[in-house]
Amino acid sequence: QVQLVESGGGLVQAGGSLRLACAASGRTFSSYAMGWFHQAPGKEREFVARISRNGGSTYYADSVKGRFTISRDNAKNTVYLQMNSLKPEDTAVYYCAAGPAGDSYYYTRRSYHYWGQGTQVTVSS
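This structure is a prediction, so every number in the text was calculated from the model and none was measured.

Reading the values: rules and limits
- Residues numbered from 1 in each chain as written.
- Predicted model: local features only at pLDDT ≥ 70, side-chain atom pairs only at ≥ 80, totals over all residues.
- Heavy atoms only, no water.
- Salt bridge = Lys/Arg side-chain N within 4 Å of Asp/Glu carboxyl O.
- Buried < 20%, exposed > 50% of the residue type's maximum accessible area, 1.4 Å probe, protein only.
- Core = buried A, V, L, I, M, F, W, Y, C linked by side-chain atoms within 4.5 Å.
- Helix = DSSP H or I, 4+ residues; strand = E, 2+ residues; numbered from the N terminus.
- Contact = heavy atoms within 4.5 Å.

Caption draft 1: Representation of the pattern of salt bridges. As enumerated under the stated definition, the model contains two salt bridges in all. Close ionic contact of lysine 65 with aspartate 62 constitutes a salt bridge, the shortest N to O distance being 3.2 Å. For lysine 65, a relative accessible area of 49% corresponds to the partly exposed category.

Written out as structure tokens, the structure is:
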């Protein structure tokens, strides 16, 4: 079992930055690939980014490439999402998730077994 707790959300103006963190419990954090998803009101939960177990590989949704960076610190059992140049359309609840490595469908919800409770990000125009 892995328990995930997100933090770092808030209200920011367009063009600003936020850094989300997701702290994981348990000793097996480094055995999981980690992902971030977001869900805007009335919309489906969508893939944002993924990082491999050792941090060597990262994947991003086209909408955030060049603006967001995912990273992890296995010694601290934490994964991060640095969000720069934020846009109003980035407004959503952001969720971190843990799943097995090597899944070709890493951009789908079904590839992740554990989820956090989410943290709200609001970008004002």
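Caption draft 2: Focus on the nonpolar core. Leu4, Met34, Trp36, Leu81, Met83 and Tyr94 are the most contacted members of the largest nonpolar core, which has 33 residues in total. Looking at this core, the elements that each hand over two or more residues are strand 3 (18-24), strand 4 (33-39), strand 5 (46-51), strand 7 (68-73), strand 8 (78-83), strand 9 (92-99) and strand 11 (119-124). With five residues, strand 9 is the single largest residue contributor to this core. Among residues more than four places away in sequence, those in contact with methionine 34 are Leu4, Cys22, Phe29, Ala49, Arg50, Ile51, Ile70, Arg72, Val79, Ala97, Ala98 and Tyr112.

Caption draft 3: Fine view of the environment of phenylalanine 29. Locating phenylalanine 29 in the fold gives a position in the loop between strand 3 and strand 4. Along the primary structure phenylalanine 29 and glycine 55 are separated by 26 residues, whereas in three dimensions their C-alpha atoms are 12 Å apart. Not counting residues up to four positions away in its chain, the partners in contact with phenylalanine 29 are Ala24, Met34, Arg72, Asp73, Asn74, Asn77, Thr78 and Val79.

Caption draft 4: Spotlight on the environment of valine 121. With respect to the helices, strands and loops of the structure, valine 121 is situated in strand 11. Residue classification places valine 121 among the buried positions, given a relative accessible area of 0%. When sequence neighbours within four positions are dropped, the list of residues in contact with valine 121 reads Gly9, Gly10, Leu18, Leu20, Met83, Asp90, Thr91, Ala92 and Tyr94.

On their own, these measurements won't tell you what the molecule is for.
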